[in-house]
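Structural overview for review
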Amino acid sequence: MTHGVAQTTAMQTTGVAVLGGGLAGLNAARLLQQAGIPCHLFEARDRLGGRILTVDATGKPSTDGFDLGPSWFWPHMQPELAALASELGVPAFAQHTAGDMVFERSQREPPLRTDWAGQDQGSMRLRGGMGALVQALAQGLPSGCVRLNAPITHLRLGQDGVVLDVAVDGRPPEQWLARHVISTLPPRLMAKAIRLDPAMDPATISRWQNVPTWMAPHAKFVALYDRPFWRAAGLSGMAQSLVGPLTEIHDATTASGHAALFGFVGVPARTRATLSRDALGRAALDQLARLFGSQAATPRATLLKDWATDLFTATQGDSAPSGHPTAPDAPMVTGRWADRLSLAGSESSHTEPGYLAGAAEASNRVTRALIKRLSI
Ligand SMILES: Cc1cc2nc3c(=O)[nH]c(=O)nc-3n(C[C@H](O)[C@H](O)[C@H](O)COP(=O)(O)OP(=O)(O)OC[C@H]3O[C@@H](n4cnc5c(N)ncnc54)[C@H](O)[C@@H]3O)c2cc1C
């Protein structure tokens, strides 16, 4: 079979090709494996997890570290994620909130300390960080099922399925034939990064481009300390600031006791691009010292992750604040592709689009429906 293109390497085959090794892709691969359906997962990065990124003090991926991507889930509102964590045996613990909050209103006034008791939103974290979920999912997959450094660049619809081009550094693309493709890329990244042949209808592509990729415009700063000194001073580690550069700060101390504070950077992505990491880091530490005392100025390490510059998450459209995605009100895949391609990342969720729970819901729903179809 040529599918109209010259074959560059021997074509490999699989039942289902899963695109992306974030929470949604890993969960889809897990369900397919459990159902006995052959599948391969193609991940563009050299690591699994996608927007989940838990690292140690040096910034290396870790399963007992600090979350540079998502930190929280809310089990009372998001049962699917709680169920997944519990099924995988990853324990949860409550976000530390005991103590006062600090509010910084303007540069002219000193920060205000307030009692915020009663406003706890029930945010839960995972022991080890969200990376523990990724590790647990990956451990359940057979060796050879996951391909890292394997960005998909091109999907071609053929008679027997979909032919995928996998870019391989310095070599002609590898080609795979899959009966079905589950893509978990954020829709607007999918529209930009993967060429479809035949083209998807323009109205659907335009819908993909208009779905904001949740948190892609954001950056997270983490300061690591020898002890959570703010707790001893009766502070929760929570702060809100209209001054910046951090707008919202929280205690990021790990369940194993490694102390840290993290903040969302309020400087917009386009302005961040003009600043050095050092300058931003220094301004963030000055602010932490204003809010939590002079000890905050001398962390043992700092970490900064700017998601807006990460080409496997963000597109140009994510350099401006884009709001929260909403549940799709029409099918995410249309026309001739509808039988062979499904979108199952968080932004396609019917219940919690953008959230981890959305990644769990969308991948559960789409993969179970496909398993049913393929098993008939
Ligand atoms: C800073 C930040 C904080 C957040 N905080 C929270 C929170 O507290 N709670 C919460 O519920 N959610 C939060 N989120 C959102 C949460 O991270 C996402 O909802 C979730 O991780 C999405 O998972 P996913 O698998 O759908 O997509 P992703 O994790 O984006 O996975 C997509 C995967 O596709 C891969 N990929 C990209 N291009 C290609 C290609 N061409 N070929 C193959 N693979 C490709 C990517 O590398 C990636 O691994 C946060 C996100 C960020 C960035």
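Residues numbered from 1 in each chain as written. Predicted model: local features only at pLDDT ≥ 70, side-chain atom pairs only at ≥ 80, totals over all residues.

Burial of nonpolar side chains together is a common tendency in soluble globular proteins. Counting 95 residues, the largest nonpolar core has A17, V18, L133, L164, I182, V222 and A260 as its most contacted members. With 7 residues, helix α9 (residues 356–375) is the largest single contributor of residues to this core. If we ignore the near neighbours within four places in the chain, the residues touching L164 are A17, I152, L155, Q175, W176 and A178. (Core = buried A, V, L, I, M, F, W, Y, C linked by C-beta atoms within 7 Å. Buried ≥ 20, exposed ≤ 12 C-beta atoms within 10 Å, placed from the backbone. Helix = DSSP H or I, 4+ residues; strand = E, 2+ residues; numbered from the N terminus. Contact = placed C-beta atoms within 7 Å.)

Here we take up the site of the ligand. Neighbouring residues of the ligand: 42 residues in total, closest G20, G22, G50, P70 and M215. Taken together, the elements giving at least two residues each to the shell around the ligand come down to α1 (23–34), α4 (187–193) and α9. Ranked by the residues each element gives to the shell around the ligand, the list is headed by α9, at 4 residues. Residues belonging to the shell around the ligand are distributed by class as follows: 24 nonpolar, 14 polar and 4 charged. Taken domain by domain, the makeup of the shell around the ligand includes at least three residues from each of domain 1 (1–52 + 131–213 + 325–376) and domain 2 (58–129 + 215–322). (Near = placed C-beta within 6 Å. Nonpolar A, V, L, I, M, F, W, Y, C, P; charged D, E, K, R; others polar. Domains from an automatic or database assignment.)

A separate point is helix α2 (residues 79–87). When α2 is considered as a whole, its buried residues turn out to be E80, L81, L84 and A85. Taken end-on, α2 shows its buried residues confined to a sector of 130 degrees, consistent with a single buried face. The inward-facing, buried residues of α2 contact α1, β5 (92–94), β8 (124–126), α3 (131–139) and α9. Positive backbone phi, at 75 degrees, marks G89, one or two positions downstream of α2. (Arc of directions from axis to C-beta.)

The subject of this paragraph is the environment of A279. In this structure, A279 sits in helix α8 (residues 277–292). Taking the C-beta count within 10 Å as the criterion, A279 has 11 such neighbours and is therefore assigned exposed. When the C-alpha positions of A279 and E80 are compared, they lie 40 Å apart, and in sequence the two are 199 residues distant.

It is worth spelling out the pairing of strand β17 (residues 259–265) at this point. Where a strand is regular, its side chains alternate between the two sheet faces. By the criterion of burial, β17 is predominantly enclosed, with 6 of the 7 residues buried. Pairing between strand β16 (residues 246–251) and β17: 5 bridges, direction antiparallel. Opposite I249, over in β17, you have G263 as the bridge partner. (Pairing = 2+ DSSP bridges.)

All right, on to the pairing of β16 then. One ladder, built from 2 bridges, connects strand β15 (residues 235–241) with β16; its direction is antiparallel. Looking at β16, one finds that A239 is bridged to I249. Count of turn residues in the β15/β16 antiparallel hairpin: 4 residues, of which G244 carries a positive phi of about 85 degrees.

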